[in-house]
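What the coordinates show
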Amino acid sequence: MEMDTPAGRNALDAAARGWVGKPLDRVDGRPKVTGRAIYAYETMQGPATAYGYVVEASIGKGSIVSIDAQAAERAPGVVLVLTHLNAPAQGQGNHHEAHPVLTGPEVAYYGQPVAFVVAETFEEARAAAYLVRVRYDRAPGRYALRANLDRARAPRVASADSAVGDFDAGYAASPVRLDEIYTTPLQSHAMMEPHATLASWDGDQLTLHTSNQMLNQGRQAVARTLQVPVEKVRLVSPYIGGGFGAKLWVNADAILAAIAARQLSRPVKTALTRQQVFHVTTHRSDTIQRIRLGADQEGRLQAIGHDSYSGNLPSEPTFEAAAMQTRTLYAGANRLTRHRVAPLDIPVASSMRAPGEAVGLLALEIAMDELAEKLDLDPIELRLRNEPREDPERHVPYSSRHLVACLQEGSRRFGWAARSPRPGQVRDGRQLVGMGVAAATRGNPLELSRASVRLGPDGVATVRMAMTDIGTGTYTILTQIAADMLGLSPDHVRMEIGDTAFPQASGSGGSFGAASSGSALFDACDRLRAKLAAAAGVDPGAARFADGRLEAGGQSRALVDLVGASGVEADGEIRPGETLKAFSQQSYGAHFAEVGVDVDTGEVRLRRMLGVFTAGRILNAKTARSQAIGGMVFGIGAALEEGLTLDPRFGFYVNHDLAEYHVPVHADVPEIDAIFLPELDDAANPLKSKGIGELGICGAGAALANAIYNACGARIRDYPITLDKLLGALPTQS
Ligand code: MOS
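Residues numbered from 1 in each chain as written. Predicted model: local features only at pLDDT ≥ 70, side-chain atom pairs only at ≥ 80, totals over all residues. Heavy atoms only, no water.

**Some details on the pairing of strand S25 (residues 568–576)**
For a regular strand, side chains alternate in direction, first toward one face of the sheet and then toward the other. What counts is decided by this rule: Each pair of strands is called paired provided DSSP finds at least two bridges between the two strands. In DSSP terms, a helix is any run of H or I states spanning at least four residues, a strand is any run of E spanning at least two, and both are numbered starting from the N terminus.
In the sheet, strand S1 (residues 2–3) pairs with S25 via two bridges, with the strands oriented parallel. When the sheet's bridge partners are listed, Met-3 is paired in S25 with Pro-576.

Below you can see the structure in the form of structure tokens.
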């Protein structure tokens, strides 16, 4: 089906048992905790398997003068050393299209693979990797965004800029103005499972057991890189230990393993070490964002300007779209948003959880807090006064938008009324205590997806699609959808996902996974219901499916009696359509944070946090809450801890491990809560749901930044807000 008109009342609304929405435990939970869930690197292919280890470039920019691999080749167990001297020609393309490796002597970034050592064991490969001698000719590199702003240019896409009304005139005429710069650092996804692949060839057929979020796109990229037909490539990825965007696209592990396996005629397995993940794969660009807000005396925005700078390799067309949400979040007649990207000689900058909004809201939502203070307005009230009636740039209605309800409900639950509007007024022991608020919003995309569902004579429905579960709960929510649509209990639904042998699916990314794959499954189940009704000789519209039975017009038939000996199968599909153009579709939320700031050291402790969200139909109360809380924890890290430290001389991330790249640990995260207010969005998809994978991070860090200001009066505009930035800004204690 194509999403051209809002969904009317449908079979899911009428579903008999209501599995959808329930806090059903993860159906993949037991296999995961008992070790029966097999991840890419754990997949066994027998004793013929060889193991590969990546050798990274140790310069930031330049070229290889010579590689001496002789010592490595003679080392115990080594069967192959791949370098640009013996690697095959490959197809080219940007990071979304292809991932050629070892293509020549040029070094474009620190950590670029320059050799791949394959041995009988991982340990032998790793030991031999240190024997590869590479001589380089260094070229001057450009590594730091701030030092290269003069070289930033408009990305080659139409959506890079937007202008509505006359920003300059509107801003100049505004009696209350704000013009500030905010910065966010380089970030790394830091998912639990490093990138890993097991590659094996059967004749000209390649199978990659690999940790990848979007298998169909990955398959295309592998085929293009290796210059083989796409049908000859199969990606298998049933379990994925997190991705956050780092595994959206194919990375070096997959291509290196595939090339080595072909050359050796034996399976090759490889994993990046934790340290290698930071340089060999992608990161989120740092940003420098200028925000200008002009308001009248009542706080109504007259002008909104957001300029955002990010960096990327010169060969990559993408950029950090940090100003996108500023086009739609608040009202205001005069608007200007611009993205510029500076060419930098550091690894590929790519998507990381809520690309765009996550860092854009870190800036915009401090700016709104600052504007509220200038106006002597409560920051919630400022947002209420700028609630738009339609999308202020596209001039289309919102599909559903309940930001106001999120702010108001959160205010009530959090006890916002007790907040002192003046900073530095509340003290608890050594801590100055403050509260902050920030809005959350994230776009709601829909992607082409297909599914097949087959009801067997045993009464078990088997669902197949090339969907992935990156830890988000896909297995579980798809099980719930099939159970409701077919009137089965969840233990009569078998999910088979994570394999390009199954129908094409969106994969997991951009918060489109659940809606896209779930809608395809909805459609497949709807078609299966029609087939079952036909088999029973009843009108599908009148049929009710419950308890493994079809009931209609007084008759009740067991489904197993309708499917025959070979079962009945149906295919479904969802295509994005007109409703994406006719409506402005976003999910919304409001974050509330209370922090304590040590009066002497500036140490920030989060004391409590609440997120209130609306995201259409919630498919599973437990997995949704986990997604929201996970995003909020990400926001805590963005506010207080996370950031890659670039050595500007060498284009090298100094803190490339989890000891030095800080993410929140248990001690950093007190009791936090996330709730979803009831909503159905019938323009979004037939499930009436919206994506939630990224909503929780959006705005979360800004709520902490604003709480820090409210606590101690230090307005820090450069993330992360670490002690060194706070120390000089703390009020003097008597
Ligand atoms: Mo997401 S950054 O699309 O995994």
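The structure having been displayed, the exposition proceeds.
**Quick notes on the layout of surface pockets**
We count it as follows: Space inside and on the surface of the protein is sampled on a 1 Å grid over the protein atoms alone, with a cavity defined as a set of points where a 1.4 Å probe fits but cannot get out and a pocket as an open set with protein on both sides within 12 Å along at least 5 of 7 lines; lining residues have an atom within 4 Å of a point. Grid points are joined across faces, edges and corners, and a volume is the space filled by probe spheres set on the points.
A volume near 550 Å³ is recorded for the second largest pocket. Taken together, 24 residues make up the lining of the second largest pocket; nearest its centre are Pro-100, Ala-108, Tyr-109, Leu-313 and Ser-315.

**Here's the deal with the side chain of Glu-193**
In plain terms, the rule: Accessibility here uses a 1.4 Å probe with only protein chains present; expressed as a share of the type maximum, an area under 20% marks a residue as buried, one over 50% as exposed, and anything in between as partly exposed. Polar contact is the term for a pair of N or O atoms within 3.5 Å; when the atoms are in protein, one must be able to donate a hydrogen and the other to accept it, and sequence-neighboring residues count only if both atoms are side-chain atoms.
Looking at where Glu-193 falls in the secondary structure, it is placed in the loop between strand S9 (176–184) and strand S10 (196–202). According to the relative accessible area criterion, Glu-193 is buried, its value standing at 11%. One polar contact links Glu-193 to Ser-211, side chain to side chain, over a distance of 2.5 Å. A distance of 2.8 Å separates a polar atom in the side chain of Glu-193 from the backbone nitrogen of Gly-241.

**Re the domain arrangement of the protein chain**
Often the size quoted for an interface is simply the accessible area lost on bringing the parts together. Note the following rule: Where each domain starts and ends follows an automatic or database-derived domain assignment. Any two residues having at least one pair of non-hydrogen atoms within 4.5 Å are treated as being in contact. Here's the idea: put two parts together, see how much 1.4 Å probe accessible area each one loses, and the total over both is what we call buried area. Definition used for salt bridges: Asp or Glu carboxyl oxygen within 4 Å of a side-chain nitrogen of Lys or Arg.
Per the domain assignment, the segments making up the protein chain are domain 1 (2–37 + 448–576), domain 2 (40–140 + 195–271) and domain 3 (354–445 + 582–727). Taking only C-alpha atoms into account, the centre of domain 1 sits 37 Å from that of domain 2. Taken together, the 22 residues of domain 1 in the interface contact 18 residues of domain 2. Interface area, domain 1 with domain 2, both sides summed: about 1500 Å², of which 51% is carbon and sulfur. It is Ala-37, Ile-470 and Thr-500 that lose the most area in domain 1 upon contact with domain 2, and together they represent 36% of the buried surface on that side. If you look at where domain 1 meets domain 2, you find one salt bridge. Across the salt bridge formed by Arg-234 and Asp-499, the nearest N and O atoms sit 2.5 Å from each other. Across the contact surface, domain 1 and domain 2 share eight residue pairs in polar contact (both at pLDDT 80 or more).

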